Amino acid sequence: MQILTRRRVAGTVVALTTAALVAACSAGSSGADGAARTDVVVGLTGEPTNLDFTTTSGSAIPQLLMNNVYEGLVTIDQEGEVQPQLASSWEVSGDRTVYTFTLHDGVTFSDGSPFTADDVVASVARVQDDWTLSLRSKMDVVQKVEATSDTEVAVTLKHPSNSWLFDMGTSVGAMFPDDLSADLATEAVGTGPYTVAEVAPGEHVTLVARDDYWGEPPAISDVTVRYFADANAQANAIRSGDIDMAYNMQAPDLLAGLEQDEDLQVIDGTSTGEVLLALNNAKPPFDDLMVRRAVLYAVDRQAVLDTAWAGHGELIGSMVPPTDPYYQDLTGAYPHDPDKARELLAEAGAEDLSITFDVPTRPYAEAVAQVVVSQLRDVGIDAKIVPAEFPAVWLDKVFTEHDYQMSVILHTEARDMLTIFGDPDYYIGYDNPRLAQVAERADEGSPDQYVAGMQEVARMIVDDAASDPLFLFPNTVVADAALTGIAADATTESMDLTGLRWSED
Amino acid sequence: MARHLASHLAQLVATLLVATAAIFVLLRVLPGDPAVVALGIEASPEALAAWRAEHGTDGPLVAQYLEWTGGLLTGDLGTSYVTSQQLTPLVVDRVQVTGILVLLGMLIALVVAVPVGTLAAVWHRNAGGVTLSAVSQVGVAVPNFLVGVLLVALFAVRLGWLPSGGWSAPADGFGEFWRHVLLPAVALGSVQAAIITRYVRSAVLEIMREDFLRTARAKGLTFTGALVRHGLRNAGVPVVTVVGVQIASMLVGAVVIERVFAVPGLGSLLLDSVGNRDLLAVQSVVAVLVVLVVLLNFLVDLAYTLLDPRLRRAS
């Protein structure tokens, strides 16, 4: 995490001005002169369509609700480490198949019901039984969950798993009340510090702090999350002071201007989103290893990052972001080498190759595609861009029908390497039977074996040039310089608002 | 008058039938499975099948069409595929927002266009008139979203006088409402002002050559008096036609302006719904737009008869 702008010096003056401005802008603010504000307006693009992430996929809902409204037994911190949340502690049995969690006492859901071990049993069972998303498979490893007392719960796994506890810190680990009567699509009932007060589709969602929260109450009591159709509108809003924080800004060209503004801070956080140049391994010409490798040598990833995303982001060389425990630097595997690429293409008998490049209608994809096409032309691959409306057409044509040769897409989910490359029926069509074996052994092995095994998996994928992870997408946050406690490192899909606070000076 | 009304009603029904059938078929031809879009990439095949069954998108098309149009007749637009919300209150809400925006934009346009266009006609031989005419010509060529972007850059970002976007309903306080509505309404209205100015100018020019105006002056009226008492009313008929057509086009232009200003109107709803393949919502919005446009034409017709008594007698 890198802070690009200095905290401003004349804090008092600007804080007062901001307070006055906000008082003028929003009726709900309670900015008595001098006292720190207790409200914040956050701007986002990508609106959730409802509040139920158990049946609706996509990151928009967990982004808003996890850690803020819903909590898990554990949570994932800014460094990507597992930390206690609703469980105060846990013990792992010698054979690493039984996890015994001790729960915090006095925790209540926002509907007033107490949170007990029974709710844990029900929540895990609900993932296995009722969730309609393929994410549910993350709980497949659970054999049984038993409430041994009101505040103690024992989870038995079918076999040791290194990934399970981490997953419990993501949306599949969210705790719901045992007897769930609410319609989750319109009502969120969690143990978190906030509840959803209002949903205005196309406009905003407001969160208010609960006064019966079990933990330390957040400094901000009123959060308005405003949704914008595009990054330009979001940028205008932060520049004009309509919002206090623009989270996950997707307009890199505008950042240079915003960095000059002393009243703002620009933070490039990490994320779990890899921009992937997807090659269809199941279809010509990319069913040929040499052609795939040629593409990876032909693409200058640094140039792609600099040109398409103004250098905001990070080269990763594999599908593993640096915050994952099994990260290794594979960025040197395919140095930019057009001659080598031409050689490989000649060897494969694929000179003067013409391909189609299905590009989803998203700013990052369109920007990346232009650069990639010109670099491919350099080695004799003529890639023709075909715009694919996102999500509808892209999901249909590329993701479901596998009717594509090359595409580019942002994979945002945490620890998704196996989802994308472990299944031959996935849209990439990468079929390596050894991968599944290595991955399974790694998951069941000791933590060291896990790291070693997953690194082997990553190397296999890179070796086979299954696709080209271009760069790690930054989670760029632009905020009022007086706002502190911004969780800019998006190690899971959650946008954690609970630490936000206005500096008092 | 009654016959007039009946013919309009028949026209409305016919237009609606054609429009709903067309939009229904077109949306089904569009690539993109609503179930996949609604549930996303992590949905299992069983979940997709269950979703299609629940929303009836796996049934025969004719049945789907009849169910939808049946609902339309009773004012029930159905439930959104994506948000599970009732569409009727949502659409009613959005119509109000866009309606306010468009009417206010047109009001701004008329307040500018009628005097400016008249002056441009009266002064058509001197520099003032030529300048007004040239400015309006340039105005016609400027896309309204560009005006919107420039307004935001100046009044919201640089000067900080008004919010850069968003919406506040009149019911939630008039001050906030005005602060939010002003920029989008001006953006929408300014280009229309330029267009209508040109029509007013040519209509007034036409009138100035008419015999009745000369007669009025012969009776002893001043030029201005004759123009105001007899001229403008006659110039009104072509201008009202244009205003009607332009309001219809503003309903569409509002789509872009709503995007620029993050205004939750009908246009935003339409765009989001197309993107989400929320077919029922798209159909509903289009049906509402068709009704609005046909109603508008009816009102324009009505305005003719008010402006020109000869048309009343003819019918």
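Predicted model only: the values in this text are computed from it and were never measured.

**Re the overall build of chain A**
When you go through chain A residue by residue, the secondary structure sums to 14 helices and 21 strands. Expected size for 505 residues packed as a compact globule is a radius of gyration near 23 Å; at 24 Å, chain A falls within 12% of this value. The principal-axis extent of the C-alpha atoms belonging to chain A is close to 70 × 55 × 35 Å. Of all 505 residues assigned to chain A, the portion counted as buried reaches 53%. Within chain A, contacts between residues at least 6 apart in sequence are counted, and of these 70% link residues at least 24 apart.

**A short note on the overall build of chain B**
When helices and strands are tallied, chain B shows 13 helices and zero strands. Written out in order from the N terminus, the α and β elements of chain B read α-α-α-α-α-α-α-α-α-α-α-α-α. For chain B, contacts bridging at least 24 residues in sequence account for 71% of all contacts bridging at least 6.

**Considerations on the sheet that holds strand β15 (residues 353-360) of chain A**
Residue and element names in this part refer to chain A. Strand order across the open sheet formed by five strands is β16-β15-β17-β14-β18, with mixed pairing between neighbours. Strand pairing shows two members of the sheet lacking a second neighbour, β16 (381-388) and β18 (468-472), which therefore form its edges. Direction aside, neighbouring strands of the sheet carry axes that sit 25° apart on average. In this sheet, strand β17 (residues 406-411) lies alongside β15 in parallel orientation, the contact comprising two bridges. Paired with phenylalanine 357 across the strands is methionine 406, a residue of β17. Packing against the sheet, helix α10 (residues 363-378) makes contact with β14 (274-279), β15, β16, β17 and β18, and its axis sits at approximately 165° to β16.

**Overview of the interface of chain B and chain A**
Facing 36 residues of chain B, the contacting portion of chain A comprises 33 residues. For the side of chain B that touches chain A, the secondary-structure elements that each account for two or more residues are α2 (34-39), α7 (144-158), α10 (223-260) and α11 (266-276) of chain B. If you tally residues by element for the side of chain B that touches chain A, the top one is α11(B), at five residues. Partitioned by chemical class, the residues of the side of chain B that touches chain A number 17 nonpolar, 14 polar and five charged.

**Points about the environment of Thr55(A)**
Residues and elements named next belong to chain A. With respect to the helices and strands, threonine 55 occurs in the loop between β2 (39-45) and α2 (60-65). Residue class for threonine 55 comes out buried when judged on the 21 C-beta atoms lying within 10 Å of it. Residues threonine 55 and serine 134, 79 residues apart in the sequence, show an inter-C-alpha distance of 9.9 Å.

**Points about unusual backbone geometry**
Residues and elements named next belong to chain A. Put simply, proline 284 and proline 285 share a cis peptide bond, and its omega is 0°. With respect to the helices, strands and loops of the structure, proline 285 is situated in the loop between β14 and α7 (289-298). The omega torsion of the bond from phenylalanine 390 to proline 391 falls at 0°, within 30 degrees of zero and hence cis. Checked against the element boundaries, proline 391 lands in the loop between β16 and α11 (392-400). With phi around 60°, arginine 96 is a residue other than glycine that occupies positive phi space.

**Notes on the sheet that holds strand β5 (residues 87-92) of chain A**
All names here are of chain A. Taken in spatial order, the four strands of this open sheet run β5-β6-β8-β7, and their pairing is antiparallel. Because the sheet does not close on itself, it has two edges, and the strands there are β5 and β7 (142-149). Averaged over all adjacent pairs, the angle separating strand axes in this sheet is 20°, with direction ignored. Both strand β6 (residues 98-103) and strand β8 (residues 152-157) contribute to a ladder of five bridges, which runs antiparallel.

**Quick notes on α11(B)**
By the criterion of burial, α11(B) is predominantly enclosed, with eight of the eleven residues buried. Residues of α11(B) that are buried in the fold lie against α2, α5 (87-122), α10 and α12 (279-307) of chain B.

**Examining the pairing of β2(A)**
Residue and element names in this part refer to chain A. The buried fraction of β2 amounts to six of the seven residues, a majority that puts the element mostly inside the structure. Pairing geometry for β2 and strand β11 (residues 222-228), over seven bridges, is parallel. By the bridge assignment, valine 40 is partnered in β11 with valine 223. Pairing analysis gives two bridges linking β2 to strand β12 (residues 245-246), with the strands arranged parallel. In the strand pairing of β12, valine 42 is matched with methionine 245.

**Brief notes about the confidence of the model for chain A**
Of the residues in chain A, 93% have a pLDDT of 70 or more, and the chain-wide mean is 90. In the model, residues 1-32 of chain A has pLDDT below 50 throughout and makes 48 contacts with residues more than four positions away in sequence or in other chains.

**Structural notes on the nonpolar core**
Nonpolar side chains in soluble globular proteins tend to end up buried together. Met245(A), Val368(A) and Val408(A) are the most contacted members of the largest nonpolar core, which totals 226 residues. The element best represented in this core is helix α8 (residues 174-208) of chain B, accounting for 15 residues. Filtering out sequence-adjacent residues up to four positions away, Met245(A) remains in contact with Val40(A), Val42(A), Gly43(A), Val477(A), Ala479(A), Asp480(A), Leu483(A) and Ile486(A).

Reading guide: rules and limits
- Residues numbered from 1 in each chain as written.
- Chains lettered and ligands numbered in written order.
- Predicted model: local features only at pLDDT ≥ 70, side-chain atom pairs only at ≥ 80, totals over all residues.
- Helix = DSSP H or I, 4+ residues; strand = E, 2+ residues; numbered from the N terminus.
- Rg over C-alpha atoms; globule rule 2.2 N^0.38 Å.
- Buried ≥ 20, exposed ≤ 12 C-beta atoms within 10 Å, placed from the backbone.
- Contact = placed C-beta atoms within 7 Å.
- Pairing = 2+ DSSP bridges.
- Axes fitted to C-alpha atoms, helices over the stretch in contact; angles between N-to-C directions.
- Nonpolar A, V, L, I, M, F, W, Y, C, P; charged D, E, K, R; others polar.
- pLDDT = per-residue confidence, 0-100.
- Core = buried A, V, L, I, M, F, W, Y, C linked by C-beta atoms within 7 Å.

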